[in-house]
Amino acid sequence: MRISVVIPAFNEEATLGACLESIVNQDVPAHEVIVVDNGSIDGTAKVAGDFGAKIISETRPGIVHARNAGFNAATGDVIARIDADTRAPRDWIRRIRDHFVSNDCDALAGIGRPYDALLLQTTLYMRLFFAFMRMLQGGKEVLLGFNMAISRAFWRKVRDELCTNEEWIHEDIDLSIHIHQAGGRILRDNRLICLTSARRPMTHPLSFFWEYPRRTWRTIRFHRAHRRSV
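Residues numbered from 1 in each chain as written. Predicted model: local features only at pLDDT ≥ 70, side-chain atom pairs only at ≥ 80, totals over all residues. Heavy atoms only, no water.

Asker: In this structure, what is going on with the sheet that holds strand 3 (residues 54-57)? I would like to understand it.
Answerer: Within a sheet, neighbouring strands are paired by backbone hydrogen bonds and run either parallel or antiparallel to one another. Pairing is mixed across the open sheet formed by eight strands, whose spatial order is 3-2-1-4-7-6-8-5. Looking at the sheet topology across the chains shown, the edges are occupied by strand 3 and strand 5 (86-87). Of the pairings in the sheet, the one linking strand 1 (residues 3-9) to strand 4 (residues 78-82) comprises four bridges and is parallel in character. From the neighbouring strand, S4 faces strand 4, where its bridge partner is I79. Relative to the sheet, helix 4 (residues 92-102) contacts strand 1, strand 4, strand 6 (107-114), strand 7 (147-151) and strand 8 (186-196), its axis offset from that of strand 8 by approximately 175°. (Pairing = 2+ DSSP bridges. Helix = DSSP H or I, 4+ residues; strand = E, 2+ residues; numbered from the N terminus. Contact = heavy atoms within 4.5 Å. Axes fitted to C-alpha atoms, helices over the stretch in contact; angles between N-to-C directions.)

Asker: Got a minute to help me understand the environment of N103 in this structure?
Answerer: Within the element layout of this structure, N103 appears in the loop between helix 4 and strand 6. Separated by 84 residues in sequence, N103 and L187 have C-alpha atoms that sit 8.8 Å apart. Those residues in contact with N103, other than ones at most four positions away along the chain, are D98 and L187.

Asker: Help me understand the nonpolar core in this model?
Answerer: In a soluble, globular protein the nonpolar side chains are often hidden away together inside. If you look at the biggest cluster of nonpolar residues, it comprises 32 residues, and the most contacted ones within it are F130, L143, I150, L175 and I179. Residue assignment for this core shows that the elements contributing at least two residues are strand 2 (32-37), helix 3 (63-73), strand 6, helix 5 (124-136), strand 7, helix 6 (152-158) and helix 7 (171-181). Among all residues touching I150, those that are not within four sequence positions of it are F71, V78, I79, F100, D106, A107, W155, L175 and I179. L16, L20, V78 and I93 belong to the second largest nonpolar core, which has 29 residues in total. (Core = buried A, V, L, I, M, F, W, Y, C linked by side-chain atoms within 4.5 Å. Buried < 20%, exposed > 50% of the residue type's maximum accessible area, 1.4 Å probe, protein only.)

Asker: Would you mind showing me how to read the pattern of salt bridges here?
Answerer: Between side chains of opposite charge, a pair can form as their charged atoms come close. With the rule as written, the count across this model stands at 10 salt bridges. For the salt bridge of R2 with D77, the shortest nitrogen-to-oxygen distance reads 3.5 Å. On the criterion of sequence distance, the pair formed by R2 in the segment before strand 1 and D77 in the loop between helix 3 and strand 4 is long-range, its members being 75 residues apart. Owing to a relative accessible area of 37%, R2 belongs among the partly exposed residues under this scheme. Between R81 and E171 there is a salt bridge, and its shortest N-O distance comes to 4.0 Å. Note that R81 is positioned in strand 4 and E171 in helix 7, a separation of 90 residues in sequence. Taken as a pair, R81 and E171 share a single burial class, namely buried. (Salt bridge = Lys/Arg side-chain N within 4 Å of Asp/Glu carboxyl O.)

Asker: Is there a simple way to explain helix 4 in this structure?
Answerer: Think of an α-helix as turning once every 3.6 residues; residues three or four places apart then point the same way. Every buried residue of helix 4 is accounted for by W92, I93, R95, I96, H99 and F100. End-on, the buried residues of helix 4 take up no more than an arc of 165°, which puts them together on one face. Residues of helix 4 that are exposed and point more than 90 degrees away from the buried face comprise V101 and S102. Of the surrounding elements, those touching the buried residues of helix 4 are strand 1, helix 1 (13-24), strand 4, strand 6, strand 7 and strand 8. (Arc of directions from axis to C-beta.)

Here it is, written out as structure tokens:
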């Protein structure tokens, strides 16, 4: 089974190298590594090229467009996504591959632990987030973009239905809802742990702790209203 790795990136020169190094050093190699340069004005593309990644340019700003461009370009059987400020454990690709080989799943959710915030270096808050989302979603799992995977076949099944307005929706929750609506199954592996940056809650706490939950709730509410209207 071939695993494509997609990394959306916007001005990630400072963090992308560590991410790509963690992918290059996997105990099972990726089929391909795709970095989607989302209009960077720094050395993001050079860093990606230095590590031999395939570079795709997406000029439309926003993580939704960058993600979609990378996923659409992927040629592997499974598309794994990681953020540019995130570092994967050495067995990340192998664990993803093994889940899709041995389990009946269409997508896989991992969790994260910050590497740059001493007080947040735990997975407890992430487990609480998933528990809360399961409660809102009737026991169904959700994906988070810094550590997730989806079969390419199921991506092609749902991609044309996804929402693109990032001001109103959270793209990963939106993707999760569409997977469930299409009859797909998302599994979560609490041992699939990536180290990720806490720079967003540290540098923009109001945006992270207010706008992020608001968009998440708006995404869920929008899809509930849409389902009632059809």
